[in-house]
Structure formats: structure tokens, C-alpha cells
Amino acid sequence: MPLFTGTAEIAIRTGADIIPIAMEQRGKHYYANIGENISPSGYTIGQKKELTDFLRDILCILRWDIWERFPVEKRADLPEDAAAQYLEGIMSQTDNGYTVEEINRTRFHDRSVTSPEDTFAFLKELKA
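Here the structure is a predicted model, which means the values were calculated and not measured.

Caption draft 1: Highlighting the overall build of the chain. Scanning the chain from terminus to terminus reveals five helices and two strands. What you see in the chain, going N to C, is helices and strands ordered as α-β-β-α-α-α-α. In terms of overall dimensions, the chain is more spread out than a globule: its C-alpha atoms have a radius of gyration of 19 Å, far above the 14 Å expected for 128 residues. Dimensions along the principal axes, computed over C-alpha positions, put the chain at roughly 60 × 40 × 35 Å. Residues classed as buried in the chain amount to 15% of the 128 residues present. The long-range share in the chain, meaning contacts at least 24 apart out of those at least 6 apart in sequence, stands at 59%.

Caption draft 2: Quick peek at the environment of Q25. Inspection of the secondary structure assignment puts Q25 in strand β1 (residues 21-26). The sequence separation of Q25 and I66 amounts to 41 residues, and the corresponding C-alpha distance is 10.0 Å. Once residues lying within four places of it in the same chain are set aside, the contact partners of Q25 are Y30, Y86, I90 and Q93. A polar side-chain atom of Q25 sits 3.4 Å from a polar atom in the side chain of Y30.

Here is what the cut-offs are and how they apply
Residues numbered from 1 in each chain as written. Predicted model: local features only at pLDDT ≥ 70, side-chain atom pairs only at ≥ 80, totals over all residues. Heavy atoms only, no water. Helix = DSSP H or I, 4+ residues; strand = E, 2+ residues; numbered from the N terminus. Rg over C-alpha atoms; globule rule 2.2 N^0.38 Å. Buried < 20%, exposed > 50% of the residue type's maximum accessible area, 1.4 Å probe, protein only. Contact = heavy atoms within 4.5 Å. Polar contact = N/O pair within 3.5 Å; in protein donor to acceptor, adjacent residues only side chain to side chain.

From the geometry alone we can't say anything about function, so treat these as descriptive.
Written as C-alpha cells, this is what we have:
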């Protein structure tokens, strides 16, 4: 998912530092890595994308640092439904009735990005 520029814009407008925090879940355990404060001084509103890109790079490094604490896993060793199992594990921890379908329906969708399903939806309408 893309990182949007709102955080950078707020920081630039208010002068508040950004505190980057990367999180990872492994089973029932959560890991956090807190980076150094990022000062928006020197950035203008016109440079909010550059500050956002810098923040994204820092978050990636922080998350990678968490991943390095764990043994390397080969993709071939993962079960076919590893992603589904991961998602089920997360969703089983809540009892608020919120579903994956509801999350997908209500989350932000960048209108400049077209899904593969939407791109090829017209194929279903073609007649031979």
C-alpha cells in the first residue's frame, strides 16, 4: 500500500517531528521498532512527497530490522494458504464483527490505480 503525504503535510505545517514506528506480528507476539524523530524543518509543502518518501524508506529499514531477528523462511516451505492463515489469525483476535470484506469495502482505494479484475472485467461481456 502506498504511504500518503498527509503525515508529512501535517508535520510541515505544524513543525512537529514525525516519530517512525514499524510494527510486525509473529503469531501472538507483536514487535515494534521506533526510529529517530524526523524533523520537517527545511521542507516546504511542495516537498511533502520527498518527506513522505524519506519516511517510507525509514519505515522499511525499521521493519527490515525486525525481520532480521527471525530465521529465514523459504517460500517453498510455506503452506499454499499461508496468506489466508495469517489473515485468519489476525481476524480471529477480534469479536467486533468486522470482516475482511468490510475492510476491503471501506478502505481507501486510489482511483488512479485500476485492479486487474476491473481492467479485464469487459472480457466477461464479450460474445463470440
